There are 2 protein chains.
Amino acid sequence: MIATWIDQAAHVLMSRIDTLATLSEEPDGLTRSAYSPPMRHVHDLLTAWMHYAGMHVWRDNVGNLIGRYPSRNPQARAFLFGSHLDTVRNAGKYDGPLGVLGPLLCIEQLHHQGVELPFHLDLIAFIDEEGLRFHTAYLGSQAVTGHFKREYLNLVDDDGITLAEAIREFGGDPAAIALDRREPADVLGYCEVHIEQGPVLEAKNLPVGVVTSIAGQTRIALTFGGMAGHAGTVPMQMRRDALCGAAEFVLAVEAYTRQSPDMVATVGKLQTEPGVSNVIPGSVTLSLDVRHHDNDQRQVVCQLLLERAQHICTTRRLKLDWTVVHQNPATPCTLALSHLLERAVSEAGYRPHFLPSGAGHDAVAMAQLTGIAMLFVRCKDGISHHPDESVTVEDVSVALDVVDRFIGLLANHYRTHE
Amino acid sequence: MIATWIDQAAHVLMSRIDTLATLSEEPDGLTRSAYSPPMRHVHDLLTAWMHYAGMHVWRDNVGNLIGRYPSRNPQARAFLFGSHLDTVRNAGKYDGPLGVLGPLLCIEQLHHQGVELPFHLDLIAFIDEEGLRFHTAYLGSQAVTGHFKREYLNLVDDDGITLAEAIREFGGDPAAIALDRREPADVLGYCEVHIEQGPVLEAKNLPVGVVTSIAGQTRIALTFGGMAGHAGTVPMQMRRDALCGAAEFVLAVEAYTRQSPDMVATVGKLQTEPGVSNVIPGSVTLSLDVRHHDNDQRQVVCQLLLERAQHICTTRRLKLDWTVVHQNPATPCTLALSHLLERAVSEAGYRPHFLPSGAGHDAVAMAQLTGIAMLFVRCKDGISHHPDESVTVEDVSVALDVVDRFIGLLANHYRTHE
């Protein structure tokens, strides 16, 4: 049974998210990059809302807005909630803000009920997770963990402005970013609430799910080189059609991946050269994106797929080139925190469902500092990074209920054990 | 055994082709569109060469340059040779000019030997076959056959110049084009010498081949509609990946076509939407180009392929859209003329090899006026429409020998029968 405050809070959350969605760099649609004028507006609003929830508010040097619901004990450690306020281009409105405003509304309720916690509850609104402006991700969370690299400051946006200049203009001191890092000993853990960005919870008919792990990812660029020729004059048997080889590979990727539970692999980009209707494709370049929560399994599948590509090329007298463009390992969630989330979901009256996250999140960076947990909220049709991104107020109510119970369970744990 | 004059003529031909290749609209590479300043230079040179070969020379209103090696009998009918002088962008130098300069050098030899023919031998250098400038093909040959449509005159090039203006500026009278048409009763036949633009003769180790038929062509645009989604979060089993469906179709095209002798089918263009590495393709548009010398067989394969595409889409929960973009029937070569070419090849000492033409030629248009024949000349690696297009002087010698013998056989035939 959901408490009355939660229903109201869910409606407030939806209304606040609608408000934030109007704060965009573009007249049509939501685009809000780090350090932009609309980001300043968002910080102003969020500061006011954090104050209303009884929090101390400050901005660190990289530009994260941080609110603390303080424990009475100034020596207490902090438990962290967080998510990001920046967006992709033409974004949906829930990706990021849900994970800031959700915990915030729970804290507001704690404050109005005068609840005291055995730890500081810090809510971090990260300045940059999507990397839209400086083409790199996790700027905000890396500053918190102490993994922000000095050379990031020389990154340049499309207008030629360096990250250092943007930070300074936003009020931060680039030279002091390293001083803002949290010490592992001062932090109890990190929890992030986020929309699923996939269709699993909808298919399972569940409002929320507990994340087991954030998938590791390998991105490979492959080129199949054949021989261009006149579409009318080269007999089929004499062709070295790069697209036919690439097509075989696309289907191999699908077939191999379907055999491995939780593995996903995608050919999202495919370009034929010269790419005209009356010329046999002489070369095809394509992208392969492989993700899994087990690093070994991911590596094995990548290896198998590259061998398959080589076999296809040998058989078809094509030339294969490939490069690993990007690679990052899987980030498992912390068992103890995930169990608390599981209990909170159960107590809220829902079957706890565990699922991996195929997308990256600030939690990936935060895992370098402390234990992490993530709560996924169902979204419509699995659509994200798109204006059609949609979450129901009912599911938000459940998420708030779970977060509230999770904080309660955490507090009990630390009251008992410390 | 090849006569001495032929070897010399072949070297002259190569040198003339090199000269024509310098007459281009672009400083690097050969691009010569209809009615362009370099086309004017080509006409000046060709006029001089035709005069040297004892021909009467005139330009018709559409802009074809025509040389006549006249029979003594002014009432005689005409046998036509021809090919085009315009090129594609960044073209090879043999596609077109070979079919003008080859017969011209044979006629030059006839003239210097004082040979008299029982027919006029007309050599037509067509002004526009590739359609580079006005995006339509066969302008020159259609004027000769009387199929030049008045509405062509309103076609506009990239600079906003109409075809009528271009013709007028080139010295023609657009209103008089219809008067230039040949009457079927005045024409004995048409023969075109052309590079193969394919790899068959090279693979057969033969310098020349006799064309059986110019393939009919169907061009279809197909769209496979699926559901875009996050490459990390949508499980394989829940995907509606448009590229996987398209890949299955590409392989089906290859497999079906390989079963039909002389059939060629090509997917040359394939575009994925949104086409980024971390998004499952939501839609794929591709081109299908099917060619065969038998219209029924071509239609049947197109029908089978569309059924296969529909089946793939039904199985994969994709949406199929398709449109026939272009369709033209096959043009068979005339048996009697092809037999004369076959005899000429034999007498020149080569095994006659018959092959279809997958590419279109002026002969397609000319078939509406008279019987046609085509002689293909081997080219290196089947490469055409490319600066690497290459023909050997030895193969040109053989082609000249065959054309010379073909004219001889024709003359004997008409001396005997008329």
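Bear in mind that the values here come from a model prediction, so they are computed numbers and not experimental data.

So, the overall build of chain A
For chain A, the count of helices and strands is eleven helices and 16 strands. Here the C-alpha atoms of chain A give a radius of gyration of 24 Å, agreeing with the 22 Å that 2.2 N^0.38 yields for 418 residues. Counting only C-alpha atoms and orienting by the principal axes, one finds that chain A spans roughly 80 × 50 × 40 Å. A total of 418 residues make up chain A; the buried ones form 59% of that total. Taking the intrachain contacts of chain A between residues at least 6 apart in sequence as the baseline, contacts between residues at least 24 apart amount to 78%. Total accessible area computed for chain A in this model is approximately 16,400 Å², and 50% of it derives from carbon and sulfur atoms.

Quick notes on the packing of helix H7 (residues 242-258) of chain B against helix H8 (residues 295-315) of chain B
Each pair of packed helices can be described by the angle between their axes along with the distance between the axes. Residues and elements named next belong to chain B. In the contact formed by H7 and H8, the axes pass within 10 Å of each other and the chain directions differ by 150 degrees. Taken together, the axis directions place H7 and H8 in an arrangement best described as roughly antiparallel. Here the hand of the crossing between H7 and H8 comes out right-handed. Facing Gly245, Glu248, Phe249, Ala252, Val253 and Tyr256 of H7, the residues of H8 in contact are Leu304, Leu305, Arg308, Ala309 and Ile312. The class makeup of the residues in the contact of H7 with H8 is eight nonpolar, one polar and two charged.

Digging into the pairing of strand E3 (residues 78-84) of chain B
Residue and element names in this part refer to chain B. When you tally the buried positions in E3, you get seven out of seven residues, the bulk of the element. What you see with E3 is no split at all: Ala78, Leu80, Gly82 and His84 on one side and Phe79, Phe81 and Ser83 on the other are buried throughout. Strand direction decides the pairing type here: E3 and strand E4 (residues 120-126), joined by seven bridges, are parallel. Its bridge partner being in E4, Leu80 is matched across the sheet by Asp122. Taking the sense of rotation as the criterion, the β-α-β connection linking E3, helix H3 (residues 97-113) and E4 turns out right-handed. Where E3 lies against strand E5 (residues 187-195), four bridges are found, and the strand directions are parallel. For Phe79, the partnering residue across the bridge sits in E5 and is Gly189.

Quick look at the domain arrangement of chain A
All names here are of chain A. Split into domains, chain A comes out as domain 1 (4-214 + 330-417) and domain 2 (216-328). Here the C-alpha centre of domain 2 lies 37 Å away from the C-alpha centre of domain 1. Counting from both sides, the interface comprises six residues of domain 1 and, opposite them, eight residues of domain 2. Between domain 1 and domain 2, the buried area comes to about 450 Å², and carbon and sulfur atoms account for 51% of it. The largest per-residue losses of area from domain 1 upon contact with domain 2 belong to Ala330, Pro356 and Gly358, which jointly make up 77% of the total buried on that side. Linking domain 1 to domain 2 there are zero salt bridges. For the interface between domain 1 and domain 2, the tally reads two residue pairs in polar contact (both at pLDDT 80 or more). Of the residues assigned to the side of domain 1 that touches domain 2, the class counts are four nonpolar, two polar and no charged.

Comments concerning the packing of helix H1 (residues 4-21) of chain B against H3(B)
Residues and elements named next belong to chain B. Contact geometry for H1 and H3: axes closest at 10 Å, N-to-C directions at 140 degrees. With respect to each other, H1 and H3 are oriented oblique. Both H1 and H3 take part in a crossing whose hand is right-handed. On the side of H1, the interface is formed by Trp5, Ala9, Val12, Leu13, Arg16, Ile17 and Leu20, while H3 contributes Pro97, Leu98, Leu101, Gly102, Leu104, Leu105, Cys106, Glu108 and Gln109. Residues that form the contact of H1 with H3 fall into these classes: twelve nonpolar, two polar and two charged.

Focus: the packing of aromatic side chains
For the coordinates displayed, the defined rule picks out 18 aromatic pairs over all chains. Plain terms: the ring middles of A:Phe119 and A:Tyr414 are 5.9 Å apart, the flat faces sit at 85 degrees to each other, and that makes the pair edge-to-face. With a gap of 295 residues between them, A:Phe119 in the loop between helix H3 (97-112) and strand E4 (120-126) and A:Tyr414 in helix H11 (residues 393-417) connect regions that are remote in the sequence. Since its relative accessible area comes to 0%, A:Phe119 is described here as buried. Residues B:Phe79 and B:Phe406 carry aromatic rings whose centres are separated by 5.8 Å and whose planes lie at 65 degrees to one another, so their mutual orientation is edge-to-face.

Brief notes about the relation of the copies chain A and chain B
Expressed as a screw operation, the relation of chain A to chain B combines 0.1 Å of axial shift with a rotation of 180 degrees, fitting to an RMSD of 0.1 Å. Read as a symmetry element, the transformation amounts to a two-fold axis. For chain A, the minimum C-alpha distance to the rotation axis belongs to A:Ala247 and amounts to 2.2 Å. When the interface residues of chain A are mapped onto chain B, 100% of them again lie at the interface, so the same face is used by both copies.

Quick look at the interface of chain A and chain B
Taken together, the 51 residues of chain A in the interface contact 51 residues of chain B. For the pairing of chain A and chain B, the buried interface totals around 4,300 Å² over both sides, and the portion due to carbon and sulfur atoms is 63%. Together, A:Thr233, A:Met236 and A:Ser277 form the three largest contributors to the area buried by chain A at its contact with chain B, with a combined 14%. Joining chain A to chain B, the criterion identifies two salt bridges.

Topic: the layout of surface pockets
Its volume calculated, the second largest pocket comes out at about 880 Å³. Looking at the second largest pocket, it is lined by 33 residues, and the ones nearest its centre are A:Glu130, A:Ala137, A:Gln217, A:Arg219 and B:Asn278. Put simply, the parts of the chain that give the lining of the second largest pocket at least two residues each are strand E7 (216-225) and strand E13 (319-328) of chain A.

As for unusual backbone geometry
Residue and element names in this part refer to chain A. Cis rather than trans, the peptide bond between Glu273 and Pro274 has omega equal to 0 degrees. The residue Pro274 is located in the loop between strand E10 (270-273) and strand E11 (279-280) in this model. The phi dihedral of Asn205 is positive, around 60 degrees, even though this residue is not glycine. Note on placement: Asn205 falls in the loop between helix H6 (200-204) and strand E6 (208-214). One non-glycine residue, His385, lies in positive phi territory at about 55 degrees. For His385, the location among the structural elements is in the loop between strand E16 (372-377) and H11. The class of His385 is partly exposed, set by a relative accessible area of 32%.

Considerations on helix H8 (residues 295-315) of chain A
All names here are of chain A. If you check H8, its first and last C-alpha atoms are 30 Å apart, about what 21 residues at 1.5 Å a residue would give, namely 30 Å. Listed in full, the buried residues belonging to H8 are Arg298, Val301, Cys302, Leu305, Leu306, Ala309, Ile312 and Cys313. Taken around the axis of H8, the buried residues stretch over an arc of 135 degrees, which confines them to a single face. For H8, the exposed residues lying more than 90 degrees away from the buried face are Asp296, Thr314 and Thr315.

Quick look at H3(B)
Residue and element names in this part refer to chain B. In this model H3 runs 24 Å from its N-terminal to its C-terminal C-alpha over 17 residues, within 8% of the 24 Å that 1.5 Å per residue would give. In terms of residue burial, H3 counts as a mostly covered element, since 14 of its 17 residues are buried. Backbone geometry just after H3 places Gly114 at a positive phi near 70 degrees.

Topic: the environment of A:Leu110
By the element assignment, A:Leu110 lies in helix H3. When near neighbours in sequence (up to four residues on either side) are disregarded, A:Leu110 contacts A:Tyr69, A:Val115, A:Leu117, A:Leu121, A:Asp404 and A:Ile407.

Things to note about the side chain of B:Asp86
Residues and elements named next belong to chain B. In this structure, Asp86 sits in the loop between E3 and H3. Although Asp86 is buried, it forms no salt bridge, and the closest oppositely charged side chain is Arg32 at an N-O distance of 7.7 Å. A distance of 2.9 Å separates a polar atom in the side chain of Asp86 from the backbone nitrogen of Glu129. Those residues in contact with Asp86, other than ones at most four positions away along the chain, are Arg32, Ser33, Ala34, Met39, Asp95, Phe126, Ile127, Asp128, Glu129, Glu130 and Gly131.

Basis of the calculations
Residues numbered from 1 in each chain as written. Chains lettered and ligands numbered in written order. Predicted model: local features only at pLDDT ≥ 70, side-chain atom pairs only at ≥ 80, totals over all residues. Heavy atoms only, no water. Helix = DSSP H or I, 4+ residues; strand = E, 2+ residues; numbered from the N terminus. Rg over C-alpha atoms; globule rule 2.2 N^0.38 Å. Buried < 20%, exposed > 50% of the residue type's maximum accessible area, 1.4 Å probe, protein only. Contact = heavy atoms within 4.5 Å. Areas by Shrake-Rupley, 256 points an atom, 1.4 Å probe, with all protein chains shown as cover. Axes fitted to C-alpha atoms, helices over the stretch in contact; angles between N-to-C directions. Parallel < 35°, antiparallel > 145°, perpendicular 65-115°, else oblique. Left-handed = near helix turned anticlockwise from the far one by under 90°. Nonpolar A, V, L, I, M, F, W, Y, C, P; charged D, E, K, R; others polar. Pairing = 2+ DSSP bridges. Right-handed = clockwise from strand over helix to strand, strands pointing away. Domains from an automatic or database assignment. Buried area = accessible area lost by both parts, 1.4 Å probe. Salt bridge = Lys/Arg side-chain N within 4 Å of Asp/Glu carboxyl O. Polar contact = N/O pair within 3.5 Å; in protein donor to acceptor, adjacent residues only side chain to side chain. Phe/Tyr/Trp six-rings, centres within 6.5 Å; stacked < 30°, edge-to-face > 60°. Least-squares fit on C-alpha atoms with pLDDT ≥ 70 in both. 1 Å grid on protein atoms, 1.4 Å probe; cavity = no way out; pocket = protein on both sides within 12 Å on 5 of 7 lines; lining within 4 Å. Points joined across faces, edges and corners; volume = space filled by probe spheres on them. Expected span 1.5 Å × (residues − 1). Arc of directions from axis to C-beta. Lys, Arg positive; Asp, Glu negative; His and termini not counted.

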